[in-house]
Every structure is written in structure tokens, then in C-alpha cells.
Amino acid sequence: MGKIRKSKKRAFLSGRKITYGMLGLSAALLLGSAVGSTQAALTFYSENYTAEIKISQIGVTLVENGKDVSCRNYNGDKWQEETNRDGDSVYGELLADMVPEGSKLALNKTYNEDLKVRNSGSIDEYVRVRIYKYWRDPAGNKVTTLSPDLIDLNLVNQGQWIQGSATPECTELYHKGILTAGTESAPFADTIRIDGEIASAVEIKTEGNKITTTYKYDGVTFHVDVEVDAVQTHNAEDAMKSAWGVDAAALGIL
């Protein structure tokens, strides 16, 4: 047991980027599948008054296609090393196995992307997920003229994952009810697909008998970031209001 006053802690994991290419017919279309930084975040919060609560072993893990992809566990007074259930290091890399080795990313093809959360701590908690989708050009700048909706991450189990605020780039999902220690949630996503509409923006030039087709978004990369937060169940409504700024009862989370 410990005394906590206005305590809030957060930790992030970032992953490296991977790019895949695809070659078109009349011209080179290099559509990158850059895996953006996968983020697994953990938050716990106590009331403004001093409360007797046990927070020594709160933890959360992001699970992708049955594998731990990112985790953050708090034990005692320090963060544990990020490892999966087999003891291997976890670097927070999403979509690393999306395209089979030796293959190229195909537009309009559906790939498996089963995402869920496991409570890897020893106390019960409430969980929030934030999903970010965006595009970057070859120089690393965000491409605002490309819709994040072209990155089609299929969300599932809406009855178990309650949608909060949403913008084209960021969607918040809240797990309905308590995620008990050691258990996994239902998936909040199951597939991902890159819409072929991205290849429709072309410029065609004719010089004599030569026709050149240039794709407007040649070399762009798509990014998917996932951020997971958890709060303890003690004084949960006030904790979620303070940490997440939401009315848990109104959203139907409790």
C-alpha cells in the first residue's frame, strides 16, 4: 500500500520505420508502407486527496496478431524493462510482418491486423486506446492532402470498445468495463488495407510518341500509431475525468 497525491505517470515506446515498395506498369509507383512509431502508454492517477491505493504492479501490453508488440509495466517504484511473455525485448514495432518477406505491398489488399490489449499488471484497470493514421512524404513531412481514411484499419467489437472523440487522424476507443489483471481484451481492430484511390492522382505528359505517367504521391509512406493508456479502478470516474477528460458514465465505459 502506498500514499499517492496528485500522481500521474506516463511512458511511451517508439518503434523504427520500415518501407516496402511496389512497381507500377507505365511508371514507377513507390508506395511505402512505413511503420510509424507504435506507442504503448500507461497512465495511473489518484484523487487530489491522499488515498490508500496499491499501484505497485499496474501494467499494459499491446498485442498484435497474437504477439506482444509493446508493453509497459510498473513494479514497485520503477518501470520494468519492456519484455514479452517469453522474456524477449519488445521494441514497439507495429506492422513489421504485414507484408511477407519477398513480397510487395499491394493496394486494396486486406492484411491481418488483430490488435488487442492485455492487462499485464497485477491489479485491475480501465483502458483507453488512441489510434493515429497519417501520411508522410519522402522528406518526412506530413502530407495533408491525403486522407487518413485511405489507411483502412478495420475497427471491430464496437460493443466492447466504445468510441470517444474522433478526427480523421485520431480515434479514441475506451474498453467497456474493467480489464482484470492477466486478461486480454476483445480485439479493437482485425484487418488493414491501403485504398487504391491513392494511385488515381496522376499526371500524364505526351512528348511526341512518348507518354509519361507520373503518380502525384510517389514515395509517400503511411503511418499507424497506437497509444494505450490505463487507469486504476480506485475512484475510477474521477480518475478518468482527470486523466482523460471524459465522463465515464455518459460514455458507458463503467
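Please refer to the structure placed before this passage.
Residues numbered from 1 in each chain as written. Predicted model: local features only at pLDDT ≥ 70, side-chain atom pairs only at ≥ 80, totals over all residues. Heavy atoms only, no water.

1. Here we look at the sheet that holds strand β9 (residues 125-136)
- The 4 strands are arranged β11-β12-β9-β16 in an open sheet whose pairing can be described as antiparallel. The outermost strands of the open sheet, each flanked by one partner alone, are β11 (161-166) and β16 (221-232). Going across the sheet, the axis of each strand differs from the next one's by a mean of 20 degrees, ignoring polarity.
- Where β11 meets strand β12 (residues 170-175), 4 bridges bridge the pair, whose relative direction is antiparallel. In the strand pairing of β12, tryptophan 161 is matched with histidine 175. (Pairing = 2+ DSSP bridges. Helix = DSSP H or I, 4+ residues; strand = E, 2+ residues; numbered from the N terminus. Axes fitted to C-alpha atoms, helices over the stretch in contact; angles between N-to-C directions.)

2. Considerations on the pattern of salt bridges
- Enumeration over the complete set of coordinates arrives at 10 salt bridges.
- Residue arginine 118 is joined to aspartate 68 by a salt bridge in which the shortest nitrogen-to-oxygen separation is 2.9 Å. Here the residue arginine 118 occupies a position in strand β8 (residues 110-118), and aspartate 68 occupies one in strand β6 (residues 67-75), the gap between them amounting to 50 residues. As far as burial versus exposure is concerned, arginine 118 and aspartate 68 are alike and both buried. (Salt bridge = Lys/Arg side-chain N within 4 Å of Asp/Glu carboxyl O. Buried < 20%, exposed > 50% of the residue type's maximum accessible area, 1.4 Å probe, protein only.)

3. A short note on the pairing of β8
- The sheet contact formed by strand β5 (residues 57-64) and β8 spans 4 bridges and is antiparallel. Its bridge partner being in β8, leucine 62 is matched across the sheet by valine 117.
- Across 4 bridges, the pairing between β8 and strand β13 (residues 189-194) is antiparallel. Residue pairing in the sheet places threonine 110 in a bridge with arginine 193 of β13.

4. A look at helix α1 (residues 236-244)
- Those residues of α1 that sit buried are Ala236, Ala239, Met240, Ala243 and Trp244. Along α1, the residues classed as buried sweep out an arc of 95 degrees about the axis, all on the same side.
- Of the residues one or two after α1, glycine 245 is the one with positive phi, at around 70 degrees. (Arc of directions from axis to C-beta.)

5. Quick notes on the packing of aromatic side chains
- Per the stated rule, a full pass over the model turns up 3 aromatic pairs.
- A ring pair is formed by tryptophan 161 and phenylalanine 188, whose centres lie 5.3 Å apart and whose planes are at 70 degrees; its orientation type is edge-to-face. Placement of the pair is tryptophan 161 in strand β11 and phenylalanine 188 in the loop between β12 and β13, with a sequence separation of 27 residues. The residues tryptophan 161 and phenylalanine 188 share a single accessibility class, namely buried.
- Where tyrosine 174 meets tryptophan 244, the ring centres are 5.5 Å apart and the plane angle is 55 degrees; that geometry is what we call tilted. On the criterion of sequence distance, the pair formed by tyrosine 174 in strand β12 and tryptophan 244 in helix α1 is long-range, its members being 70 residues apart. Assigned by exposure class, tyrosine 174 and tryptophan 244 land together as buried.
- Directly above the ring of tyrosine 134 sits lysine 142, whose terminal nitrogen or CZ lies 4.7 Å from the centroid. (Phe/Tyr/Trp six-rings, centres within 6.5 Å; stacked < 30°, edge-to-face > 60°. Lys NZ or Arg CZ within 6 Å of the ring centre and 35° of its normal.)

These values are about where atoms sit, not about what they do.
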